[in-house]
Number of protein chains: 2
Amino acid sequence: MGLAKTEIFTLEQNAVARFAKALGHPARVAILQHLFKTNQCICGELVLEIGLAQATISQHLKALKSLGLIQGSVEGTTVCYCVDFKNWAKMKHSLSIFLIWISIPPNVVKNLK
Amino acid sequence: MGLAKTEIFTLEQNAVARFAKALGHPARVAILQHLFKTNQCICGELVLEIGLAQATISQHLKALKSLGLIQGSVEGTTVCYCVDFKNWAKMKHSLSIFLIWISIPPNVVKNLK
DNA sequence: CACATTAATCGTAATATTGCAATTAATTAA
DNA sequence: TTAATTAATTGCAATATTACGATTAATGTG
């Protein structure tokens, strides 16, 4: 099928998987690293920086954008990309919570609340 | 192609992507959650718990196993799976470090070292 | 031994992902 | 207006992923 059966999983499981999938390609990791480092940059800069074809970078940018992790704004003939910090924080929170709490036994979690 | 050009990325970028990819499917997230909760369990239990076909669960287990995140040991006619805590810690460290440090400017990082 | 149980593997189908060349649409510069 | 620049989109090919039924191999039970 190639299609995940999301309906049988919890919201948390799907959210973790969706965010993790976004980080599941080194080009997208590199794009995010570069955007954090430079604060913002145009598409063409990422093409040069990373060394994949323009169409490929554009595709990865689209994936990150559709998840909300980055934003793009047209400026003349260029498109300026930057991190969407609000959604980035959500993603970071989701993944961090998962990584932290998965190893804490349910009864301990219960006592902490 | 369907094949990532890993050779043009750093070790860190590839490691983050590889680990994130492992968490990039809700079934694998669910498997890991269940293994942490029950400490260990047999394959058949995961099939019942998650509700995907046995062959499918086996495939996801293989993916987690080949990354080293879980271990499986044959016990009679069953196979008992558990988290490989050492490699889990490595993965957690890799992803956490990435999530934490990506937003810290390089000059600040430099001053902290 | 025959039979049941369990889980890996195989085969297959559907879909997704990755990558690039070529094209297109939008904007700017001459 | 024409030409140049930029980035999205299209079209395509190769490979990967997801899912499942069927089979197989291994082990245990009668």
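Residues numbered from 1 in each chain as written. Chains lettered and ligands numbered in written order. Predicted model: local features only at pLDDT ≥ 70, side-chain atom pairs only at ≥ 80, totals over all residues. Heavy atoms only, no water.

Asker: Go over helix α4 (residues 54-67) of chain B, please, and point to the residues and values.
Answerer: Residue and element names in this part refer to chain B. With 14 residues, α4 ought to run about 20 Å at 1.5 Å a step, and its terminal C-alpha atoms sit 20 Å apart, in line with that. Looking only at α4, the buried set comprises Ile57, His60, Leu61 and Leu64. Projected down its long axis, α4 shows its buried positions confined to an angular sector of 100°, all on one face. Exposed side chains of α4 directed beyond 90 degrees from the buried face belong to Ala55, Gln59, Lys62 and Ser66. On its buried side, α4 packs onto α1 (11-22), α2 (26-38), α3 (43-50), β2 (70-75) and β3 (78-83). Among the residues trailing α4, glycine 68 stands out with phi positive, at a value near 90°. (Helix = DSSP H or I, 4+ residues; strand = E, 2+ residues; numbered from the N terminus. Expected span 1.5 Å × (residues − 1). Buried < 20%, exposed > 50% of the residue type's maximum accessible area, 1.4 Å probe, protein only. Arc of directions from axis to C-beta. Contact = heavy atoms within 4.5 Å.)

Asker: Residue-level account of the protein's contact with DNA strand D, with values.
Answerer: Around DNA strand D, 30 residues are found, and the nearest of them are Met1, Gly2, Ser58 and Tyr81 of chain A together with Met1 of chain B. Looking at DNA strand D alone, sugar and phosphate atoms form 66% of those within 4 Å of the protein. At 3.2 Å from a phosphate oxygen of DNA strand D is found a main-chain nitrogen or oxygen belonging to cysteine 43 of chain A. Contributing elements (two or more residues each) for the surface near DNA strand D: α3 (43-50), α4 (54-66) and β3 (78-83) of chain A together with α4 of chain B. (Near = heavy atom within 4 Å. Polar contact = N/O pair within 3.5 Å; in protein donor to acceptor, adjacent residues only side chain to side chain.)

Asker: Mind laying out the protein's contact with DNA strand C, listing which residues take part and the relevant values?
Answerer: Surrounding DNA strand C, one finds 30 residues, the nearest of these being Met1 of chain A together with Met1, Gly2, Ser58 and Tyr81 of chain B. For DNA strand C, a phosphate oxygen lies 2.6 Å from a polar atom in the side chain of lysine 5 of chain B. A per-class count over the surface near DNA strand C returns 13 nonpolar, 13 polar and four charged. (Nonpolar A, V, L, I, M, F, W, Y, C, P; charged D, E, K, R; others polar.)

Asker: Outline the relation of the copies chain A and chain B, listing residues and values.
Answerer: Overlay of chain A on chain B (RMSD 0.0 Å): rotation 180°, translation along the axis 0.0 Å. This pairing of chains is accounted for by a two-fold axis. For chain A, the minimum C-alpha distance to the rotation axis belongs to alanine 20 of chain A and amounts to 2.4 Å. (Least-squares fit on C-alpha atoms with pLDDT ≥ 70 in both.)

Asker: Summarise the sheet that holds β3 of chain A; cite the residues concerned and give the values.
Answerer: Residues and elements named next belong to chain A. Here we have three strands laid out as an open sheet, ordered β1-β3-β2, and antiparallel in their pairing. Edge positions in the open sheet fall to β1 (40-42) and β2 (70-75), since each of these has one partner strand only. Going across the sheet, the axis of each strand differs from the next one's by a mean of 25°, ignoring polarity. Across the face of the sheet, helix α2 (residues 26-38) comes into contact with β1, β2 and β3 while running at roughly 120° to β1. Relative to the sheet, α4 contacts β2 and β3, its axis offset from that of β2 by approximately 120°. (Pairing = 2+ DSSP bridges. Axes fitted to C-alpha atoms, helices over the stretch in contact; angles between N-to-C directions.)

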